[in-house]
Amino acid sequence: MPNPVVSKGSATWRGNLFQGSGTARLDTSGLGTFDVNWKARAEEAGGTTSPEELIAAAHATCYSMAFSNELDQNGTPPTQLDTSAEATFVAGEGITGIHLTVNAQIDGISEEDFQRIAEAAKVGCPVSQALTGTTITLTATLV
């Protein structure tokens, strides 16, 4: 059994929810510190990020990795996968859904197999599994 890998992120927040602000950090990699505030979450980004944007980036990345692996196991590894995720946040309700969109370049795969594997990757992606309380939809296009 593989050893577990622990990834760390952290945040600092100053002030109240609506006028306050903070930073989110990628501690394990040290690759970034990102400004966060309520306005970016509930209105518009304006140069700062939000938890939902970070979740969307993580989900798009995880889905791409899961889909790539599923395709490889099918004997049809992808040439390229371009994946985006849109996490919708409604103040007072929370994250109401995540929509994944993938455009895939894959040789030698039928549309039926492509769609079946794309859906299996959506379900099997560890981030999807962590977000099971949220509706996750998918648009998969073979280009």
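None of the values given here were measured: they were computed from a predicted structure.

1. Some words on the sheet that holds strand 1 (residues 9–14)
Okay, so step 1: With antiparallel pairing, three strands are arranged side by side in an open sheet as 1-2-3. Here the strands that pair on one side only, and so sit at the sheet edges, are strand 1 and strand 3 (32–37). If you compare each strand with its neighbour and ignore which way they point, the axes differ by 20° on average.
Okay, so step 2: For strand 2 (residues 21–26) and strand 3, the ladder comprises six bridges, and the chain directions are antiparallel. Each residue of the ladder has a partner; that of glycine 22, found in strand 3, is valine 36.

2. Describing the pairing of strand 5 (residues 94–106)
Okay, so step 1: Here strand 4 (residues 78–90) pairs with strand 5 via 12 bridges, running antiparallel. Paired with alanine 87 across the strands is isoleucine 98, a residue of strand 5.
Okay, so step 2: What sits between the antiparallel neighbours strand 4 and strand 5 is a turn of three residues, in which glycine 92 has the positive phi angle 90°.

3. Quick look at the environment of glycine 92
Okay, so step 1: As for its placement among the helices and strands, glycine 92 is situated in the loop between strand 4 and strand 5.
Okay, so step 2: Put simply, glycine 92 and isoleucine 55 are 37 residues apart on the chain and 18 Å apart in space, counted from C-alpha to C-alpha.

About the thresholds
Residues numbered from 1 in each chain as written. Predicted model: local features only at pLDDT ≥ 70, side-chain atom pairs only at ≥ 80, totals over all residues. Heavy atoms only, no water. Pairing = 2+ DSSP bridges. Helix = DSSP H or I, 4+ residues; strand = E, 2+ residues; numbered from the N terminus. Axes fitted to C-alpha atoms, helices over the stretch in contact; angles between N-to-C directions.

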